[in-house]
Amino acid sequence: MNNVLGKNIEEENKLKEDELFDRVQTLKQVSLDIQSFLKNEKPQLNKINNDFDKGLDMVTKSIGQIGSLLKSGLGNNTCYVVGAVLLLLFILYML
């Protein structure tokens, strides 16, 4: 009786061990796929990051120019201010 019970427990353990091994292999494959995906996407993400940085620089410079325009003698001329704002909106639209 003990011998049969011991064999059943061993068989169950072997099945559980095989299941665990399969799950670990699946997890390993998923992690390798993620690593490969990230390696392939890194250049594109860097390009997007650089594009956003360039856009932020343009917006910052435009806002600075509008501020200096408002502080200068031309600041009283609303035509320049409206033109600068429209130009800024156009640049943002093009991004």
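Everything discussed here concerns the structure shown above.
Residues numbered from 1 in each chain as written. Predicted model: local features only at pLDDT ≥ 70, side-chain atom pairs only at ≥ 80, totals over all residues. Heavy atoms only, no water.

Draft legend 1. How the structure looks around the overall build of the protein chain. In terms of helices and strands, the protein chain carries 2 helices and 0 strands. Computed over the C-alpha atoms, the radius of gyration of the protein chain is 32 Å, more than 25% above the 12 Å expected from 2.2 N^0.38 for a compact globule of 95 residues. Reported as C-alpha extents along the three principal axes, the dimensions of the protein chain are approximately 105 × 25 × 15 Å. Within the protein chain, the fraction of its 95 residues that count as buried is 8%. A total accessible area of about 8,600 Å² is found for the protein chain, and carbon and sulfur atoms account for 63% of it. (Helix = DSSP H or I, 4+ residues; strand = E, 2+ residues; numbered from the N terminus. Rg over C-alpha atoms; globule rule 2.2 N^0.38 Å. Buried < 20%, exposed > 50% of the residue type's maximum accessible area, 1.4 Å probe, protein only. Areas by Shrake-Rupley, 256 points an atom, 1.4 Å probe, with all protein chains shown as cover.)

Draft legend 2. Focus on the environment of F21. Mapped onto the elements, F21 comes out in helix α1 (residues 2-71). Given a relative accessible area of 52%, F21 falls into the exposed group. C-alpha of F21 to C-alpha of Y93: the two residues are 72 residues apart in sequence and 53 Å apart in space.

Draft legend 3. Just the pattern of salt bridges, in detail. One pass over the structure, following the stated rule, counts 2 salt bridges. For K14, the salt bridge identified is with D18, shortest N-O distance 3.6 Å. Of this pair, K14 and D18 both sit in helix α1, 4 residues apart, which is roughly one turn of that helix. The class of K14 is partly exposed, set by a relative accessible area of 45%. Judged by its relative accessible area of 34%, D18 is partly exposed. D51 is the partner of K47 in a salt bridge, and the nearest nitrogen-oxygen pair spans 3.2 Å. Of this pair, K47 and D51 are both found in helix α1, 4 residues apart, which corresponds to roughly one turn of the helix. (Salt bridge = Lys/Arg side-chain N within 4 Å of Asp/Glu carboxyl O.)

Draft legend 4. Broad picture of the environment of V85. Note on placement: V85 falls in helix α2 (residues 78-94). Sequence spacing of V85 and I63 is 22 residues, and the spatial spacing of their C-alpha atoms is 8.9 Å.

Draft legend 5. Representation of a nonpolar patch on the surface within the structure. On the surface, M58, V82, V85, L86, L89, L92 and L95 cluster together into a nonpolar patch covering about 640 Å² of accessible area. Broken down by element, the residue count for the nonpolar patch peaks at 5 residues, all from α2. With respect to the helices, strands and loops of the structure, L89 is situated in helix α2. (Patch = residues over 30% accessible without salt bridge, like charges linked within 9 Å, V, L, I, M, F, W, Y side chains within 5 Å.)

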